[in-house]
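# What the coordinates show
Residue-level listing of the chains:
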Amino acid sequence: MTNIDSNSNRLEVDIAGIKFKNPVIGASGTFGFGREYSNYIDLNKLGGISVKGLTIKPRKGNKPPRIAETPAGILNSIGLQNPGVEVFIKEELPFLKKFNTVIIANIAGNVIEEYCELAEILSDTDIDAFELNVSCPNVKEGCVAFGNTVEGISEITKQVRKYCKKPLIVKLTPSVMDIKEIALAAEANGADAVSLINTILGMVIDIHKKRPVLANNFGGLSGPAVKPIAVRMTYEVSQTVKIPVIGMGGISSGDDAVEFMLAGAHAVMVGTWNFVNPNACIEVIEGIEKYLERYNYCSIYDIIGKLELNG
Amino acid sequence: MSLMLQEEIVCNRELVTGIYQLTFRSAYVSQNAKPGQFVNIKCCEGFNAILRRPVSICSVDRENKNVTIVFQKRGTGTSYLAKKRAGDVLDLIGPLGSHFDLSENYKNIAVVGGGIGIFPLLFLLEQKQCVHKTAYIGFRSKNYVVLEEAFKHNSHELIISTDDGSLGQKGFITDLLEKRILEEGIKGEKYDIIYTCGPGPMMKKVVELASKAGIKCQVSLEQRMGCGIGACLACACKIKLRDDWQYKRVCKDGPIFWGEEVDFDD
Ligand SMILES: Cc1cc2nc3c(=O)[nH]c(=O)nc-3n(C[C@H](O)[C@H](O)[C@H](O)COP(=O)(O)OP(=O)(O)OC[C@H]3O[C@@H](n4cnc5c(N)ncnc54)[C@H](O)[C@@H]3O)c2cc1C
Ligand SMILES: Cc1cc2nc3c(=O)[nH]c(=O)nc-3n(C[C@H](O)[C@H](O)[C@H](O)COP(=O)(O)O)c2cc1C
Ligand code: FES
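Residues numbered from 1 in each chain as written. Chains lettered and ligands numbered in written order. Predicted model: local features only at pLDDT ≥ 70, side-chain atom pairs only at ≥ 80, totals over all residues. Heavy atoms only, no water.

### Topic: the overall build of chain A
- Counting secondary structure elements, chain A contains nine helices and 16 strands.
- Its C-alpha radius of gyration of 18 Å places chain A within 12% of the 19 Å reference for a compact globule of 311 residues.
- Within the span of chain A, comprising 311 residues, buried residues form 60% of the whole.
- Summarising the internal contacts of chain A: among those between residues at least 6 apart in sequence, 71% fall at separations of at least 24.
- About 12,400 Å² of surface is accessible on chain A, with carbon and sulfur atoms providing 51% of the total.
- Side chains of chain A give 31 positive and 35 negative charges; the mean places of these two sets differ by 6 Å. (Helix = DSSP H or I, 4+ residues; strand = E, 2+ residues; numbered from the N terminus. Rg over C-alpha atoms; globule rule 2.2 N^0.38 Å. Buried < 20%, exposed > 50% of the residue type's maximum accessible area, 1.4 Å probe, protein only. Contact = heavy atoms within 4.5 Å. Areas by Shrake-Rupley, 256 points an atom, 1.4 Å probe, with all protein chains shown as cover. Lys, Arg positive; Asp, Glu negative; His and termini not counted. Charge placed at Lys NZ, Arg CZ, Asp CG, Glu CD.)

### Focus: the site of ligand 1
Residue and element names in this part refer to chain B.
- Near ligand 1, the surroundings consist of 18 residues, among which Pro54, Gln72, Gly77, Thr78 and Glu222 are the closest.
- Here Val70 contributes a backbone N or O atom positioned 2.9 Å from a nitrogen atom of ligand 1.
- Residue Arg74 places a side-chain N or O atom 3.3 Å away from an oxygen atom belonging to ligand 1.
- When ligand 1 sits alone it has 850 Å² of accessible area, and the protein chains cover 83% of it.
- Secondary-structure elements contributing two or more residues to the shell around ligand 1 are strand E4 (53-56), strand E6 (66-72) and helix H2 (76-82).
- Tallying contributions element by element places E4 first for the shell around ligand 1, with four residues.
- Of the residues contributing to the shell around ligand 1, the split by class is seven nonpolar, seven polar and four charged. (Near = heavy atom within 4 Å. Polar contact = N/O pair within 3.5 Å; in protein donor to acceptor, adjacent residues only side chain to side chain. Nonpolar A, V, L, I, M, F, W, Y, C, P; charged D, E, K, R; others polar.)

### Quick word on the interface of chain A and chain B
- Listed per partner, the contact involves 34 residues of chain A and 34 residues of chain B.
- Here chain A and chain B share an interface that buries about 2,900 Å² over both sides, 63% of which is from carbon and sulfur atoms.
- Connecting chain A to chain B are four salt bridges.
- Linking chain A to chain B there are 13 residue pairs in polar contact (both at pLDDT 80 or more).
- Those elements that place two or more of their residues in the side of chain A that touches chain B are strand E5 (67-70), strand E6 (73-76) and helix H8 (273-276) of chain A. (Buried area = accessible area lost by both parts, 1.4 Å probe. Salt bridge = Lys/Arg side-chain N within 4 Å of Asp/Glu carboxyl O.)

### Focus: the sheet that holds E5 of chain A
All names here are of chain A.
- Spatial strand order, E5-E6-E14-E11: four strands in an open sheet with antiparallel pairing. On the outer flanks of this sheet lie E5 and strand E11 (200-203), each paired with one strand and no other. Strand after strand, the sheet turns through a mean of 40° between neighbouring axes, direction not considered.
- The pairing of E5 with E6 spans four bridges and is classified as antiparallel. From the neighbouring strand, Thr70 faces E6, where its bridge partner is Gly73. (Pairing = 2+ DSSP bridges. Axes fitted to C-alpha atoms, helices over the stretch in contact; angles between N-to-C directions.)

### Section: empty space enclosed by the protein
Residue and element names in this part refer to chain A.
- Under the defined criterion, the tally for this structure stands at one cavity of 30 Å³ or more.
- If you add up the space inside the largest cavity, you get close to 490 Å³.
- Along its surface, the largest cavity is lined by 36 residues, and Ser28, Thr30, Asn76, Asn198 and Thr199 are the ones closest to its centre.
- Among the elements of the structure, E6, strand E14 (218-222), strand E16 (267-270) and H8 are those that each provide at least two residues to the lining of the largest cavity.
- Here the residues of the lining of the largest cavity are counted per class, giving 17 nonpolar, 17 polar and two charged. (1 Å grid on protein atoms, 1.4 Å probe; cavity = no way out; pocket = protein on both sides within 12 Å on 5 of 7 lines; lining within 4 Å. Points joined across faces, edges and corners; volume = space filled by probe spheres on them.)

### Some remarks on the state of the cysteines
Residues and elements named next belong to chain B.
- Inspection of the entire model under this criterion finds zero disulfides over all chains.
- Here Cys43 stays unpaired: no disulfide links it, and the sulfur of Cys44, its closest cysteine neighbor, is 7.7 Å away.
- The class of Cys43 is buried, set by a relative accessible area of 2%. (Disulfide = S-S within 2.5 Å.)

### Structural notes on the pairing of strand E10 (residues 193-196) of chain A
Residues and elements named next belong to chain A.
- Here E10 shows a buried face lined by Ala193 and Ser195 and a second buried face lined by Val194 and Leu196.
- Relative to E10, strand E9 (residues 168-171) runs parallel, the two sharing three bridges. In the strand pairing of E10, Val170 is matched with Val194.
- Running through helix H5 (residues 179-188), the crossover from E9 to the neighbouring parallel element E10 is right-handed.
- The pairing of E10 with strand E15 (residues 245-248) spans three bridges and is parallel. Following the sheet pairing, Leu196 is matched in E15 by Gly247. (Right-handed = clockwise from strand over helix to strand, strands pointing away.)

### Some thoughts on the packing of helix H7 (residues 254-262) of chain A against helix H9 (residues 280-294) of chain A
All names here are of chain A.
- One way to put it is that H7 packs onto H9 with a least axis distance of 7 Å and a crossing angle of 65°. It follows from the interaxial angle that H7 and H9 lie roughly perpendicular. Between H7 and H9 lies a crossing whose hand is right-handed. In contact with Gly254, Ala257, Val258, Met261 and Leu262 of H7, H9 contributes Glu283, Val284, Gly287, Ile288 and Tyr291.
- Its residues placed into classes, the contact of H7 with H9 shows seven nonpolar, two polar and one charged. (Parallel < 35°, antiparallel > 145°, perpendicular 65-115°, else oblique. Left-handed = near helix turned anticlockwise from the far one by under 90°.)

### Quick look at the pattern of salt bridges
- One pass over the structure, following the stated rule, counts 21 salt bridges over all chains.
- For Lys60 of chain A, the salt bridge is made with Asp244 of chain B, and the minimal N-O distance between the two is 3.0 Å. Remark: Asp244 of chain B occurs in the loop between strand E14 (236-240) and strand E15 (245-249) and Lys60 of chain A occurs in the loop between strand E4 (48-50) and E5; the pair is interchain, linking two chains.
- Among the residues examined, Asp244 of chain B registers a relative accessible area of 38% and is labelled partly exposed.

### Some words on the packing of helix H6 (residues 227-240) of chain A against H7 of chain A
Residues and elements named next belong to chain A.
- Closest axis-to-axis distance for the H6/H7 pair is 8 Å, and the angle between their directions is 30°. Relative to H7, H6 is oriented roughly parallel. Between H6, through Lys227, Ala230, Val231 and Thr234, and H7, the contact on the second element is made entirely by Asp256, Glu259 and Phe260.
- The residue inventory of the contact of H6 with H7, partitioned by class, reads three nonpolar, one polar and three charged.

### Focus on the environment of Ile181 of chain B
All names here are of chain B.
- Inspection of the secondary structure puts Ile181 in helix H5 (residues 173-184).
- Taking the C-alpha atoms as reference points, Ile181 and Gly97, 84 residues apart in sequence, are found 30 Å from one another.
- Sequence-distant contacts of Ile181, defined by excluding residues within four places in its chain, comprise Tyr191, Ile194, Leu209, Ala210, Ala213 and Ile215.

This is the structure:
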């Protein structure tokens, strides 16, 4: 057991030199810019917030309907609707900075130059870290292409690294043959951490209309349905790379988060479940704390990667 | 401000086949809700049908702290709601969304509703004090007619139509509205505003008629929602700008919009 005096915060975790007061982060695209949730929960309690994917210019997003339900999950095709980086810096960041929590800028683009430009612009603001969205399944051009191949992820990580003066988290897509080699490529080219998983491309059909429910036909699957895949990948990746791993996919409770952490995640992100319960992140934090209490652990590091495989 | 709430159900009954009227006790929602707003209800236990379901507020009893919603049984979520009984707990967030503009300047008003779109209009009629209130409500046939008495009680004039003519006047409710405001000129009077809620094509027609007659018009839009609180951007609706357009959020920027802002052809 780690020896930590009783006054210290046992939920605290360090990722790429950033101190998170606890390992629970609102996942990009499910937490807006924090504003809406601040009506329901105290944002100061969160480990961090990864903001809605930002692009250089405002994006209108995809045609509605943009959301459909599946067993134990949802499908979305928002299409990266966002007000653009300038509006974020002027109108949203000052609001977010009022809270004592880590702010992660999730960025996306059509070409590598756009990612670099975003990294350059945002490096001069007081965001705390970047999350490269190289894996959004809902935009036709760009984005998804980079996350799918070792070459793509290597190139984009290497280029963005040059412009990025803050810790760089690369977000991985599960839609690849071997996520380990993609993670290694990110690490080798300068990523300070990886986060996973982004959504998985899926489809829901309205059998009466004989048409897909989403206007975009396909959408990204998230929620409890994807959790076992996400846990497996978190385990595989954390066994492979030395940089910290942030796990996500279907987390709805503290117990779910503990699974990811035992599998090797240093922190977790909570996405879809915020829609079901705006208090979800707080309940996950409390759940992790209860688990530590139950087994008498005095640090979160006592559970990270402590999974034992069956013989 | 909206809150996450656990409220007790007072009663839940089927009005006509497939249409349920559910009343719950809520000190907060009953005091704070404005016409046009909705509540977002958790309609499952466990992991199926995980998203909350938005349902408009149909009526509030501020004195007894009761709130009534009326919903149509359509799929998993509303079937779950239909089984709820008095004494059960309802997990909801509310009141949510924008509300109808009930400015005192509007003295002669009309509401135009079709199908399940009539319910938020009843709340409006209940709350709005003014010189003259006309309610136009349309149904598919007489078997679907609900809350006729409540509408009569809360308006000065009630006009009902059914598509098949089995009750009230035959045809679409917009046909009657058209006759009224364009042909008859409502006995020299003009509505100060028309509020409408119902199927898209119906609202589009109402907006066109209002525009032709130079009458203000507010519409209540619907869209599939993720969060219901403005964070996920799932509930997009197309809103016209001067020489462009943008997607706004039905849950937070709406559900109530000015008729001329909305692009119904998206
Ligand atoms: C702001 C707002 C206010 C609403 N107010 C009322 C109300 O007062 N009374 C009422 O009966 N209904 C209302 N609705 C519609 C209601 O939310 C849907 O009927 C409900 O979500 C269906 O859930 P379900 O699980 O029963 O159906 P599902 O199993 O999810 O789907 C069954 C069918 O319902 C339709 N549907 C599903 N979700 C929606 C939706 N959000 N909007 C339109 N159609 C949908 C689809 O065509 C689907 O095929 C409102 C919707 C919105 C957005
Ligand atoms: C509506 C919605 C929008 C999302 N938008 C983004 C985004 O802009 N950028 C990003 O990196 N991930 C985005 N995601 C993916 C989530 O951050 C997360 O990776 C995924 O939902 C899995 O976690 P969950 O199962 O807890 O939701 C989005 C997910 C949802 C449901
Ligand atoms: S439903 Fe999430 S923004 Fe409207």
